[in-house]
Amino acid sequence: MATGWGSLLQDEQQLEELARQAVDRALAEGVLLRTSQEPSSSDVVSYAPFTLFPSLVPSALLEQAYAVQMDFNLLVDAVSQNAAFLEQTLSSTIKRDNFTAHLFDIHKQVLKEGIAQTVFLGLNRSDYMFQRNADGSAALKQIEINTISASFGGLASRTPAVHRHVLNVLGKTKEAAKILSNNPSKGLAMGIAKAWELYGSANARVLLIAQEKERNIFDQRAIENELLARNIHVIRRKFEDVSEKGSLDQDRRLFMDDQEVAVVYFRDGYMPSHYSLQNWGARLLLERSCAVKCPDIATQLAGTKKVQQELSRSGMLEVLLPGQPEAVARLRATFAGLYSLDMGEEGDQAITEAIAAPSCFVLKPQREGGGSVKPSDDYSPDHRLTATHEKL
């Protein structure tokens with residue numbers, strides 16, 4: 001017999017039993033992480049955190065997220081190609097944040113030398129929350145867009161089965177049938193595979209830049225396995241390995257252990273703690289190459305909170321996406337408020353408003369970026385590719 005939600009949520013014993021069954025199913029499905037005690041070993045693993053019940057998403061907002069994602073991809077691409085916009089927007093951040101300054105120094109050096117790569121790949125993830133309007137309706141609001149190393153696309157492929165199982169245990173078969181299938185790892189692999197194909201070397205490899213202590217390796221393996229099924233081989237290396245064994249030939253083709261690299265997929269390099277002096281040198285070597293970087297350093301910079309704040313200014317989208325009023329409208333409808341804390345009139349005003357209504361503001365650092373599940377089939381002629389993961 002189907003269980004009522006109200007009585008279920010009051011029954012602590014039943015919830016505990018349901019949680020045990022959900023954990024077992026998550027382990028069986030491969031929703032896994034390495035443990036914090038052994039982050040470099042898969043000898044002992046645990047389940048990745050997940051909600052016991054699936055979240056309800058209004059269909060109209062889900063469709064809105066799908067519809068606007070290509071607009072976001074094109075916007076990120078436009079920002080990444082606009083060196084003047086990036087320099088002006090990040091000028092204050094560069095003065096105060098060494099990490100962003102290092103990234104921007106590499107960006108400038110590559111521009112000065114001349115960009116060698118001709119194919120660009122973006123695996124972007126939009127993170128949303130629902131805003132409750134005064135009339136009670138829900139609105140889709142983007143919290144951030146991640147342009148480097150966006151994770152959990154692989155594990156998200158396995159999570160729907162867990163939630164279906166939970167609902168079926170409760171006898172809620174109709175609700176279980178409504179859970180959408182999702183295969184982000186396949187979508188991510190399709191984007192990487194297309195970039196590998198356009199690079200044009202059948203024996204070249206995909207280089208995955210990984211951390212030594214990587215708890216989330218199963219998420220990454222899902223993408224690697226999808227690529228291997230397409231006969232595209234992935235080699236996992238750390239920045240230190242690139243520094244010691246990576247090289248460029250006279251045409252700036254990238255080689256790792258004497259193997260040519262077509263695509264560099266970053267699952268590291270998005271935080272200051274990921275870089276030593278040696279690692280910064282490795283990042284520069286990778287950026288100077290003609291291999292497809294996912295993302296290239298300009299796209300990583302385009303994903304910072306400071307850029308997102310600037311994009312929300314009146315008239316800025318029209319400058320970056322000229323002649324596309326419908327795309328601008330779709331994008332602007334998802335924008336949440338972003339406020340500068342820079343010294344000066346604008347920062348002072350933001351602080352005054354936050355003090356007056358503290359519950360309406362969330363303080364987040366301006367250094368963020370991330371990557372992917374819905375790949376685009378419309379690959380543009382200049383080979384700037386995008387694949388997306390809408391996390392709702």
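The structure displayed is predicted, hence computed values, not measured ones.

### Considerations on the packing of helix α4 (residues 83-96) against helix α5 (residues 98-113)
Running from amino to carboxyl end, α4 crosses α5 at an angle of 145°, the nearest separation of the two axes being 8 Å. Where α4 crosses over α5, the handedness of that crossing is left-handed. Of the residues in α5, those touching α4 at A83, L86, E87, L90, T93, I94 and R96 are N98, T100, A101, F104, H107 and L111. For the contact of α4 with α5, a count of residues per class yields 7 nonpolar, 4 polar and 2 charged.

### Structural notes on the side chain of H163
Its place among the elements puts H163 in helix α7 (residues 159-169). Ignoring any residue separated from it by four or fewer positions in sequence, one finds H163 in contact with F50, T51, L52, F53, P54 and I179.

### Details of the packing of aromatic side chains
Across all of its chains, the model carries 7 aromatic pairs by this definition. Between F99 and W280 the ring centres are 6.0 Å apart and the planes differ by 50°, which places this aromatic pair in the tilted class. Taken as a pair, F99 in helix α5 and W280 in helix α12 (residues 277-288) lie far apart in primary sequence, 181 residues in all. The buried category is assigned to F99, whose relative accessible area is 5%. Aromatic side chains Y275 and W280 sit 3.8 Å apart centroid to centroid with 10° between the ring planes, which places their arrangement in the stacked category. No difference in accessibility class separates Y275 from W280, as the two residues are buried. An aromatic cluster is built from F99, F239, F266, Y275 and W280, whose rings are joined through pairwise contacts.

### Some thoughts on the pattern of salt bridges
According to the stated counting rule, one finds 19 salt bridges in the structure shown. K194 is the salt-bridge partner of E197, the closest N and O atoms lying 3.5 Å from each other. With a gap of 3 residues between them, E197 and K194 both fall in helix α9 (residues 184-199), about one helical turn apart. The class for E197 is partly exposed, based on a relative accessible area of 48%.

What counts, and at which threshold
Residues numbered from 1 in each chain as written. Predicted model: local features only at pLDDT ≥ 70, side-chain atom pairs only at ≥ 80, totals over all residues. Heavy atoms only, no water. Axes fitted to C-alpha atoms, helices over the stretch in contact; angles between N-to-C directions. Helix = DSSP H or I, 4+ residues; strand = E, 2+ residues; numbered from the N terminus. Left-handed = near helix turned anticlockwise from the far one by under 90°. Contact = heavy atoms within 4.5 Å. Nonpolar A, V, L, I, M, F, W, Y, C, P; charged D, E, K, R; others polar. Phe/Tyr/Trp six-rings, centres within 6.5 Å; stacked < 30°, edge-to-face > 60°. Buried < 20%, exposed > 50% of the residue type's maximum accessible area, 1.4 Å probe, protein only. Salt bridge = Lys/Arg side-chain N within 4 Å of Asp/Glu carboxyl O.

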